[in-house]
Structure formats: C-alpha cells, structure tokens
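Listed below are the residues making up each chain.
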Amino acid sequence: MKKSADALHQHVMGLFRSEDQAAAAIRQLAQSPWKLRRVHSPVPSHKIAAALALKKSRVGLFTLAGGIIGFFSGFGLAIYASTQWHLIVGGKPVVALVPFVIVGFEFTILFAVFGNVLGFLTQTGLPTFKRLPHYDARCSGEHFGILAACRPEQHRELAEFFTRQGGEPRIFDAPSPTRGQAP
Amino acid sequence: MNTTAHLLSPELDTRRIVTVGLVLAGLGVAAFLATLAAQHPQRAWQAFLINFLVWSAMAQGAVLFAAVMQVTRARWSGPLPGLAASFSAFFPISLLLFAVVFAGRRHLFPWLHEDLHGKQAWLNIPFLFSRDGIGLVVLYSLGFAFISQDLRLAIGANTGAGRLRACLLGRPGNTTDPQSCLARARVLGVLYIMAYALVLSLLGYDLVMSMDPHWVSTLFGAYTFVKAFYIGLGALIILAAAVRLRLGDTCGLTDAHFADIGKLFFAFCLLWADFFYVQLVVIWYGNIPEETSYVITRTMTAPWNHLAWTVLFVCFIMPFCILLNRRVKTRPRFMIGLCAVILAGIWLEHLLLLGPALGPGTAGFHIGLPEGLITLGFLGAMAAAVAFFLKRFPELTRAAPPASEKTST
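Keep in mind the model is a prediction, meaning the values are calculated, not measured.

**Things to note about the overall build of chain A**
- Scanning chain A from N- to C-terminus turns up 6 helices and 4 strands.
- Traced from its N-terminal end to its C-terminal end, chain A shows the element sequence α-β-α-β-α-α-α-β-α-β.
- Compactness check: chain A gives a C-alpha radius of gyration of 25 Å against a globular reference of 16 Å for 183 residues, more than 25% above the reference.
- Dimensions of chain A, computed from C-alpha atoms along their principal axes, come out at roughly 80 × 35 × 30 Å.

The following block contains the structure:
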C-alpha cells in the first residue's frame, strides 16, 4: 500500500472557474485511480465541502470545551474574589449567584472563542511558515484549484481528465525524492 | 396493495385530523363547563386564560415567522413559511376566545376588588377589553392581509374551489401580478411585525402583569412577544416534522430546513432566557419590596419554587444542552417530542405567572384533570384549524414545482 502511495509523485492541478464543475470533478476524482491531494477555493463553499465528504471538524468540540471551562471559571473567579473581602454590600449575600451569572456568561463566551481559535489553529496546522508546494496563485483570485497526484507516466491522462471536467490543467514538475511530498 | 398505493402518493389525512380536533375541542368545552359548574369556577377560568394566552401566542408567533421570512427576503426556509401561514386559521378562534375571557372577568382580574391608587384610569374593564380587542382585530386583520399576499406569491392564481381560497387568493380566474403582490406582502409583513410587538406587549401587560397590579416590569411586554415567537417556532417545527414524517420528500422539507429552523429555535430559547434574566437581575439589585415580593412568591415559596425550577429546566437548560447538537435538529420525531415538552413548559410558566395572583398561597396551584382536558380542547381547536387550512391549501404541503413550470401556469 505504501509503495503504491509513494509512487504517486506527479502532481496536476485542475483550475475551475465554476463551483459546480469543481464539485463534480472532486466527486469524479474520488472514483478514479488518482489521489486527491488538496482543494483550494477562493470563497467558502458548501458544495465543495459536501463533495469532499470530509469527516466532521473537531473545532466545535474545542469551542464547547472552552465554553464549559469559561462558565465555571467565571463563577469561580467571582466567588473567589467576593470571599476574599467578605463585605456585605446593600444587604446582599457575599456569594450572590444572580449577578455572577453575568461574569459566568462573559467568561463562557470568552473561553469559547479562545477554544475556537485554539481548535482552528491545531486542527488546520496553522501557522505554517513553509511555502505551499504545487500552488497556483489564481486560486487566490477566482479559480477553484483541485490538486491530484498520479504516477509520472499518467500525468497527461490526469490533465485530460481535468479538461473533460471543464477545468484548465496545470502540470507541476515531479519533486525530487529529498523534497518530500505535498501534504 | 393498499399500502403500496399509500406510499406512492402520501397525503395528509386532514379530514380525520379536523374530526379528531373537533372531538377534542368538544371535550375541552365540556370539561370547562363542568369545572365552571363545580364549586371552583375560578379554576376553570384560570385554565382557560392560560390556554388562551399560550395557544394564541403560538399562532401569532408562527405567522410572525412567515412575515419575517418575507420581509428579510430569506430563501433558506423553503416550504416553512407556507406551513407557518396555516396557523393563521386559529386567529378567528382566538378572537372568539378573547370574547369568552370577557365573560370570566369577575374571576380573572383580582384588581376589580382592590384600591388601585390611581391606576384605575388604565386598569378598568371597559377600557382594557376595548384596547385589547381592537389590538387583536388589527393584528389578525394585518396577519390575514399579509398571508393573502404571501399565498398569492407562493401559489399564484386561484385554481381551486372554496370560500377560504377565494377570500385569500381571489376568485378563480383572476390574475395576480407577482411584483405588486411582493411589494404588498413586504409592506404588510412589516406592519404585522410592528403590530405583533405592540399588541402582544399590551396583552402581556393587561392579561398577565396586571394580575399583580402593584408589580411593574417595563420589560414584560418584550418578554411576552419574544416568548410568543419562541413557542410559535416550536409549534411550527412540530407541524413541519409531522408533515415530513407523513409525506416524506414530496413536501419539499429537507434536513437543512430542520437544521436551520432548529438553530433559530435555539437562538430564541437563549433570548427568552435572557429576557427572563434581565428582568430578574434588575429586581434583585433594586431590592424594592414592591418588586421583590413578586419574585420571592414564585421562586422561594412552595410549591411555586418547584414549578419555577421546572420551567427553567424544561424551557431553557434542557433545550440549550440538547440543541447544541446539530443532528438532533434534523430528526423529526425527536424534535416533535422536544418541542412538545418545551410548549408544556411554557404552559407551566404561564401558571407560574398567573397562579399566585389568581389564588392566594397555593389556591391558584391547579394542575389536574380539568386543566388537562381544557388544554386538550385547545390543542384540538388548533389542530382542527391548521388541518382545515392545509386542506384548503394542499399546495403548502407539496414541494414547489421547478421555476419553469411555475411561470408557465
């Protein structure tokens, strides 16, 4: 298995102007012998996401965990701070849960955001300081880019596949063995 | 054979629903009259008022959803606004029930026998029923006018028979101009939304808050109409889920529709709890006996304190934890159960608000067979009204035809 995966050195990118064509090409690619490496989209796209059939993101779990930690931290901080003084103000109890809801709520939101950002960074592998291999600058403009890998002798076939799907193929040079593969 | 034919062309058995609904409504009327004739007519009137408020708010809130979708030019909601429009069928019943509330005024308004310290200019029966009655007539007229234009846009020219269709879609053969219908629907939608906020605030102040005439909360009106939208969405989800279960994909409702309206429902669960808390925290900080006595009675004295925690759990904590999950929102059976429990929680919340005012101590704490049967009667009336509407407008439970077909008709 590893041998056959390693043999896919050649990378070809199909550049599409149409979101629907790009989504259809992704679905077709899944049934082909070639390996889908990466998809670039200039805009967030539900169609592309559906075509990729990715596993559910774990970012939401980070957000939830952050929110739960924040909720208890907010109440905890408010209770701790109040008990350090033991002052009765306006006849209210020292530990008064009704107004502490505000602190708990604010901390819930704050820590949920922290969790979200942390989840986003860890799940997407950001920040990255390496230059992305096999990238076409048009993907930052108005093109959807689908990067696929094949055996070196199959690159023309893969390029034709992208042309048939309505895209413009771009064939990248095969990397030298020391440079490693695209993520 | 029969089963196969049934599956090939599923339809809502609206006639049966109407019949069952009318039977339940009859049962409710009988229970109401029997309780009224018993030793405690107060109990019958209390259950009647709670149900009038809850079921009317449900219909008003559901129609608000259709108006909001039209005014915001929302496209995500698909067939949901059409289903929401069917709740307008309860409007005439609600108006009739409001007239019945007038008959129970001596049992319902404790301030009739109290010194109001100058508030009698506002709190007197003729003025109260006049302004609330006019408010309801205006609200329901705007609702029907909006629904009429919205249906003309969704269905087009009237090709069927029946008075209700002729009333809302125009006579068969009359042509409709989509552009002018759209413009009118948006204007009427805005007017309905404004009237909704004003009239529901008024009803909240007059029929709920005034029961404790010395207690004042300026936010109570907003709390009332946010709550009405919350339960309106709940009722709409129940209807949509039932239609989806019965008709399958032919109704045009998809998982995405349920996920999206589930999110909106979740948002209004939070907003309802927020409005509840915002009132509470101001009273807590102010610590004025005139204001705190209302909260202390309901949250710190038995049996109302148990009811208060139940309401908080059923209407906020439980749905909050459950609706965080996306998948449950797309499960019709589960959502029917969840929304039904939340609606029951809002019924209990009305009991919590009205009960201590209508009966001193625990005298107003009534949850028993009469309340159950009267509530069933209201449920039957709502089910019969909605089913009757959908029977007259079967297009609302079918997936919209492709644009090319629609323009050709």
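The structure having been displayed, the exposition proceeds.
**Thoughts on the sheet that holds strand 2 (residues 35-40) of chain A**
Residue and element names in this part refer to chain A.
- Sheet architecture is open: 4 strands sit in the order 2-3-1-4, paired in antiparallel fashion. The sheet terminates laterally at strand 2 and strand 4 (168-171), the two strands that pair on one side only. Geometrically, the sheet is characterised by an average inter-axis angle of 25° between neighbouring strands, direction not taken into account.
- Sheet analysis places strand 2 next to strand 3 (residues 144-150), joined by 5 bridges and oriented antiparallel. Residue pairing across strands places Leu36 opposite Ala148, the latter belonging to strand 3.

**With respect to the pairing of strand 1 (residues 10-16) of chain A**
Residue and element names in this part refer to chain A.
- Burial runs high along strand 1: 6 of the 7 residues are buried.
- Both strand 1 and strand 3 contribute to a ladder of 7 bridges, which runs antiparallel. Each residue of the ladder has a partner; that of Gly14, found in strand 3, is Ile146.
- Pairing between strand 1 and strand 4: 4 bridges, direction antiparallel. Its bridge partner being in strand 4, Gly14 is matched across the sheet by Pro169.

**Section: the packing of helix 10 (residues 220-247) of chain B against helix 11 (residues 255-286) of chain B**
Residue and element names in this part refer to chain B.
- Contact pair helix 10 / helix 11: the axes reach a minimum separation of 9 Å and the direction vectors enclose 155°. Taken together, helix 10 and helix 11 sit at an angle that is classed as roughly antiparallel. Helix 11 is crossed by helix 10, and the crossing has left-handed handedness. Residues Ala222, Tyr223, Val226, Lys227, Phe229, Tyr230, Leu233, Gly234 and Ile237 of helix 10 pack against Ile261, Leu264, Phe265, Phe268, Cys269, Leu271, Trp272, Phe275, Phe276 and Gln279 of helix 11.
- Taken together, the residues of the contact of helix 10 with helix 11 sort by class into 16 nonpolar, 2 polar and 1 charged.

**Some remarks on the nonpolar core**
- If you look at the biggest cluster of nonpolar residues, it comprises 115 residues, and the most contacted ones within it are Val63, Ala84, Leu236, Ile237 and Val386 of chain B.
- One finds Met13, Ile48, Ala159 and Phe161 of chain A within the second-largest nonpolar core, a separate group that totals 22 residues.

**Brief notes about the environment of Ala23 of chain A**
Residues and elements named next belong to chain A.
- As for its placement among the helices and strands, Ala23 is situated in helix 2 (residues 19-30).
- Residue Ala23 is classed as buried on the basis of its C-beta count, with 23 C-beta atoms lying within 10 Å.
- If sequence neighbours within four positions are ignored, Ala23 has contacts with Lys47, Ile48 and Ala51.

**Some words on the confidence of the model for chain A**
- Considering every residue of chain A, the mean pLDDT works out to 88; 91% of them sit at 70 or more.
- Predicted confidence for residues 177-183 of chain A stays below pLDDT 50, and this span has 7 contacts to residues more than four positions away or in other chains.

**Quick look at unusual backbone geometry**
- With omega at -5°, the peptide bond leading from Leu126 of chain A into Pro127 of chain A counts as cis.
- With respect to the secondary-structure elements, Pro127 of chain A resides in the loop between helix 5 (97-124) and strand 3.
- The peptide bond linking Ala302 of chain B to Pro303 of chain B adopts the cis configuration, its omega dihedral lying at 0°.
- Counting through the fold element by element, Pro303 of chain B comes out in the loop between helix 12 (289-300) and helix 13 (304-323).
- Phi angles above zero are rare outside glycine, and Ala53 of chain A is one such case at about 50°.
- Here Ala53 of chain A lies in the loop between helix 3 (46-52) and helix 4 (59-85).
- On the basis of neighbour count, Ala53 of chain A is assigned to the exposed category, with 9 C-beta atoms found within 10 Å.
- If you check the backbone angles, Asn287 of chain B has positive phi at about 55° while not being a glycine.
- Inspection of the secondary structure assignment puts Asn287 of chain B in the loop between helix 11 and helix 12.

**Remarks on the interface of chain B and chain A**
- Facing 5 residues of chain B, the contacting portion of chain A comprises 5 residues.
- Among the residues making up the side of chain B that touches chain A, the classes are represented as 4 nonpolar, 1 polar and no charged.

**Things to note about the confidence of the model for chain B**
Residue and element names in this part refer to chain B.
- On average, chain B scores 90 in pLDDT, and the residues at 70 or more come to 95%.
- Averaged pLDDT values for the elements of chain B fall to 42 in helix 17 (residues 403-408) and rise to 96 in helix 10.
- Throughout residues 402-409 the model reports pLDDT below 50, and contacts reaching past four residues in sequence, or to other chains, amount to 2 contacts.
- Reported for the predicted complex are a pTM of 0.85 and an ipTM of 0.74.

**Quick word on the pairing of strand 3 of chain A**
- Among the 7 residues in strand 3 of chain A, 7 count as buried, and that is most of the element.
- Side chains Phe144, Ile146, Ala148 and Cys150 of chain A of strand 3 of chain A all project onto a buried face; the interleaved residues Gly145, Leu147 and Ala149 of chain A project onto the opposite face, where all are buried too.

**Observations regarding the domain arrangement of chain A**
- When its domains are assigned, chain A resolves into domain 1 (2-56 + 137-171) and domain 2 (59-124).
- Measuring from the centre of the C-alpha atoms in domain 1 of chain A to the corresponding centre in domain 2 of chain A gives 45 Å.

Each value, and the rule that gives it
Residues numbered from 1 in each chain as written. Chains lettered and ligands numbered in written order. Predicted model: local features only at pLDDT ≥ 70, side-chain atom pairs only at ≥ 80, totals over all residues. Helix = DSSP H or I, 4+ residues; strand = E, 2+ residues; numbered from the N terminus. Rg over C-alpha atoms; globule rule 2.2 N^0.38 Å. Pairing = 2+ DSSP bridges. Axes fitted to C-alpha atoms, helices over the stretch in contact; angles between N-to-C directions. Buried ≥ 20, exposed ≤ 12 C-beta atoms within 10 Å, placed from the backbone. Parallel < 35°, antiparallel > 145°, perpendicular 65-115°, else oblique. Left-handed = near helix turned anticlockwise from the far one by under 90°. Contact = placed C-beta atoms within 7 Å. Nonpolar A, V, L, I, M, F, W, Y, C, P; charged D, E, K, R; others polar. Core = buried A, V, L, I, M, F, W, Y, C linked by C-beta atoms within 7 Å. pLDDT = per-residue confidence, 0-100. Domains from an automatic or database assignment.

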